[in-house]
Each structure stands twice: as structure tokens, then as C-alpha cells.
Amino acid sequence: MSEFSAVQAGLYAFRRRERRFVLTGATIGYLIGACLIGAAFVAAAWPALSGLISWYASVFHAASSGGSPPQPDPAVFISVAPWYGGYILATLLWMSVYEAACLRWMVRGETGGVLGLSFNGDTARVFLTYVLWMVLWIAFCVAVGLFYGALIAVNAAAPALRILMMVLGALAPLGLIALLVWVATRLSPAAATSVARQKFAFFGAWGVTRGRFWDLLGAFFIILAIYIAVSFTAQALVRIPMTQAMYPVMTQAMQDADFASIMSRLGEALASPLIAGVLAAYIAVSLVLSCVMRLAWFGVNAYAVAAKDEPEAVVSPPAPQAPPAALPIVQAPPQPAPAPVAEAQTPPVAEAAPAPPAEAPAPPAGEAAPTPAEEPPQTSPNPPGPT
């Protein structure tokens, strides 16, 4: 990729690929599984949850009547804790399956299983990534506690540094938040890096995001801003009818802390067609919006890995054009000089002596023989010199 763009990173999950609706099928399968996990949790933990709801109702009732709120029963929280822990574990595991399916398609172009969802090595790598994120978060919280503990200890040991410690304590949250955002952004493609390399490479994301912190932060900011804006709008549209429907329920909870009466009032409120339709529409919009946000988030991480794997094209200004160079003259190799040919001298041809004159035929008898003509004297071409 020639240039890393925050907008393209945010839209990377929704680009057209050779197969369509792969991510849609995975999202539908994830929503079905999440609903089943939630229903199983409510069904299994309902006895413990009923006691917890009754305690909340008693708190509202005491607040409305001016009395002191009752102390919570530890047994209620202890009974809910195992079910809640199992729900969190099952949710993280199912989310690992979903994210692994999405990243496997966006990074490697592979799919498989039911609606693209399957338990395999990629799922295990993503799940380990979640676990390591939780460990890092706990370590961060412990480090923050130790930092503020050190400030308190120094403040108590050296009163002269009290003002300095107060300033550090007031400014420390800004620095800690900035540190948290920086580290989280640099390590955000940890799961995508592990899926792309087909091995657990959590800290390999640090090299993937080198030099692209602000682009990634901008992409995440755009996604969160759109999510918050749409979610706030949906809540505003639902808040008015839901407030009107829930007001009798809250009034009953303040007046009577009986769990059965509260649930009866709640059932009557939700039985209204208008409230049921509004609540169903709000739940559907919330689920779709959360899945779209997750897909966009996965796409940013996949885009970062894809941009790191491909060499960046360096755009350089065009070089000035030089005048066309003359064609080189190829000289033929020197030919060897021809050997001198001796001219053959023709020997002088001797002039042949004049043939003797042919004898004239004898004249017939009684005729006189013709007198031969006198030949003129021959002149020598080379006159004799004087003697």
C-alpha cells in the first residue's frame, strides 16, 4: 500500500472481495451464539439474580422513604459470581471465535466452519490475546496504585514536598491516560498479527504499528465518534417512550420492595405493543451497531498488518529529462591491408618479318611479263648519328 490512510483503514472491513457476505454470515452466527449464551446465563442464574434484584428494589424503597439502605447480603453476590464468571469466559471464547473468523478472512482470505466460525488455532491465539490484554490491564492498575501510594508516602515523609506531590497527583492522570492510549494503540493489531503469522505474536504488533500511531488513532477515533453519535441518537429516540413505560415500575419499586410485584409491573409495561416494538427495534439497532463497530475495529487492525506486509511505494519527483544523446558511432574493425600483387610484365612480342611477296602467276605465252613496281626506299626511324 502506497499510503496509510485512516479513512481507508476504517472502511477496510467493508471493501469488496472475491466472495461476498462472508463477514455478514460470521456476524449472524455470532449474534445467534451470543443470544444463546445470554439466555443460558439468565436461565441458570435466575435464582441468584432474583435475590440481587430484590436487594436493588429495597435500596430504592429505602431511598424514597428516607430510611437507610439495607446492607447487601454477601451470599447473594457469592451465588451470582460463579455464573457471572462463566458468562464472561463463554463470551470471551465466543468473541474469539468471531474475531478469528473475521481476521482470517480479511488477512489471509480464508474461511471455514459453520458460517465461517470454527474452533481452531486462530481462535486459541485470539483468546490468548484477550487473556494477555487482561493481564496487562491488571498490571497497569497495580502500577497506578503503587505510584499513588508512593506519592502519599513521600508526602507524609517530606512535608516540604507536599505541593510538588499534589501537582504530580493532579497531572498524573493525564500522563497515565496518554500512556495507556499510546500502548493500547501500538499493540491494537496483536490478534491480527497472530492470525496473519499463524503463531502467537502479541508483541509483534509493536513493529507493525511503527510510524503509524497517529493514523491508527485517527481511525479508531472516527469509529468511536460515529458509534457514539448513532448510539446516542437511538437512545434519545427510545428514552421518551421507555421512561413513560418504566415510571410505574420504578414507583412500585420505591413503594414496595417485593420482587414478585416488581416483575408483574415490568411484565405489564413490556406487554404494550408500542413499548415491545420500540424495545425490539432498539435492541436490534444496538446489536447491529455494535457488530458494525467491531467489524470496523477488526478491519483497522487487519489494514495495519496488510500495510506492513506490503512494501511501500516511494513516490519521487520526476527526474529532469536530458537531451537525447547522440547515437554512438560504431567503428568497424580495421581491415587488414591487401597483400601487394606483383603485376606480370608481358614480354615484348617480336615483330614478325614481312612475308615474302607472293609470286605472280606466269603470264600466258606471248604476253610480256609486268615490270614489278619499284618499292620506295625505307627510312630508318633512327637516323644514324654523325660519325
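J.: What should I look at first to understand helix H3 (residues 74-108) in this one?
T.: Because an α-helix packs 3.6 residues into every turn, residues spaced three or four apart end up facing the same way. With 35 residues, H3 should reach 51 Å at 1.5 Å per residue; the first-to-last C-alpha distance of 49 Å fits that figure. Bending of H3 peaks at approximately 30° at the position of Ala-81, with proline Pro-82 no more than four residues after it. Of the residues trailing H3, Gly-109 is marked for its positive phi of about 70°.

J.: Would you explain the nonpolar core in this entry?
T.: Nonpolar side chains tend to gather and get buried jointly when the protein is soluble and globular. Counting residues in each nonpolar core, the largest one holds 42 residues, and the members touching the most others are Tyr-98, Leu-103 and Met-106. Here this core gets eleven residues from one element, more than from any other, and that element is helix H10 (residues 273-309). Beyond its immediate chain neighbours, meaning those up to four positions away, Met-106 contacts Tyr-12, Ala-13, Arg-17, Leu-23, Phe-298, Gly-299 and Ala-302. In this structure, Ala-45, Ala-48, Leu-49 and Val-80 belong to the second largest nonpolar core, which totals five residues.

J.: Got a minute to help me understand a nonpolar patch on the surface in this structure?
T.: A surface patch of nonpolar side chains, about 830 Å² in accessible area, is lined by Val-7, Leu-11, Phe-14, Phe-221, Ile-222, Ile-226, Val-230, Val-288 and Val-292. Of all the secondary-structure elements, those providing two or more residues to the nonpolar patch are helix H8 (213-255) and H10. Tallying contributions element by element places H8 first for the nonpolar patch, with four residues. With respect to the helices, strands and loops of the structure, Phe-221 is situated in helix H8.

J.: Please clarify how the packing of aromatic side chains should be interpreted in this entry.
T.: Each aromatic ring pair is characterised by the separation of its centres together with the angle its planes make. Under the criterion given, the structure shown has 14 aromatic pairs. An aromatic cluster of three or more residues is present, and its members are Trp-133, Phe-200, Phe-202 and Phe-203. Note that Arg-17 overlies the ring of Tyr-12, its terminal NZ or CZ placed 5.1 Å from the centroid. Note that Arg-186 overlies the ring of Trp-206, its terminal NZ or CZ placed 4.2 Å from the centroid.

J.: Explain the side chain of Thr-185 here, please?
T.: In this structure, Thr-185 sits in helix H5 (residues 162-186). You can call Thr-185 buried: its relative accessible area is 4%. At a separation of 2.7 Å, a polar atom in the side chain of Thr-185 contacts the main-chain carbonyl oxygen of Val-181. Residues within four places of Thr-185 in sequence aside, it is in contact with Thr-209, Phe-213, Leu-216, Leu-217 and Phe-220.

J.: Is there a simple way to explain a positive patch on the surface in this structure?
T.: On the surface, Arg-197, Lys-199, Arg-210 and Lys-308 cluster together into a patch of positive charge. Of note, Lys-199 is situated in the loop between helix H6 (190-197) and helix H7 (205-208).

J.: How do you make sense of the environment of Leu-151 when you look at a structure like this?
T.: Topologically, Leu-151 is positioned in helix H4 (residues 121-157). Sequence spacing of Leu-151 and Leu-164 is 13 residues, and the spatial spacing of their C-alpha atoms is 9.6 Å. Excluding residues that lie within four positions of it along the chain, Leu-151 makes contacts with Met-165, Leu-168 and Gly-169.

J.: Hey, could you run me through the confidence of the model for the protein in this one?
T.: Detailed reading of the predicted model is not advised wherever pLDDT is low. Per-residue confidence for the protein gives a mean pLDDT of 77, with 69% of residues at or over 70. When mean pLDDT is compared element by element in the protein, H6 scores highest at 93, while helix H9 (residues 259-270) scores lowest at 65. Segment residues 311-319 is flagged for pLDDT under 50; beyond a separation of four residues in sequence, or across chains, it makes five contacts in the model. Below pLDDT 50 for its whole length, residues 341-347 participates in zero contacts with residues either more than four positions away or in separate chains.

J.: What's the story with the pattern of salt bridges in this structure? I'm lost.
T.: Where charged atoms of side chains with opposite charge meet at close range, the side chains can pair. Under the criterion given, the structure shown has four salt bridges. When the shortest N-O distance is used, the salt bridge between Glu-110 and Arg-108 registers 3.0 Å. Overall, the relative accessible area of 36% leaves Glu-110 in the partly exposed class. Residue class for Arg-108 comes out partly exposed when judged on its relative accessible area of 22%. Arg-125 serves as the salt-bridge partner of Asp-122, at 2.7 Å between the closest nitrogen and oxygen. With Asp-122 and Arg-125 both in helix H4 and three residues apart, this pair spans about one turn of that helix. The buried category is assigned to Asp-122, whose relative accessible area is 4%.

Procedures and definitions
- Residues numbered from 1 in each chain as written.
- Predicted model: local features only at pLDDT ≥ 70, side-chain atom pairs only at ≥ 80, totals over all residues.
- Heavy atoms only, no water.
- Helix = DSSP H or I, 4+ residues; strand = E, 2+ residues; numbered from the N terminus.
- Expected span 1.5 Å × (residues − 1).
- Bend = angle between axes of the 7 residues up to and from the residue.
- Core = buried A, V, L, I, M, F, W, Y, C linked by side-chain atoms within 4.5 Å.
- Buried < 20%, exposed > 50% of the residue type's maximum accessible area, 1.4 Å probe, protein only.
- Contact = heavy atoms within 4.5 Å.
- Patch = residues over 30% accessible without salt bridge, like charges linked within 9 Å, V, L, I, M, F, W, Y side chains within 5 Å.
- Areas by Shrake-Rupley, 256 points an atom, 1.4 Å probe, with all protein chains shown as cover.
- Salt bridge = Lys/Arg side-chain N within 4 Å of Asp/Glu carboxyl O.
- Phe/Tyr/Trp six-rings, centres within 6.5 Å; stacked < 30°, edge-to-face > 60°.
- Lys NZ or Arg CZ within 6 Å of the ring centre and 35° of its normal.
- Polar contact = N/O pair within 3.5 Å; in protein donor to acceptor, adjacent residues only side chain to side chain.
- Lys, Arg positive; Asp, Glu negative; His and termini not counted.
- Charge placed at Lys NZ, Arg CZ, Asp CG, Glu CD.
- pLDDT = per-residue confidence, 0-100.

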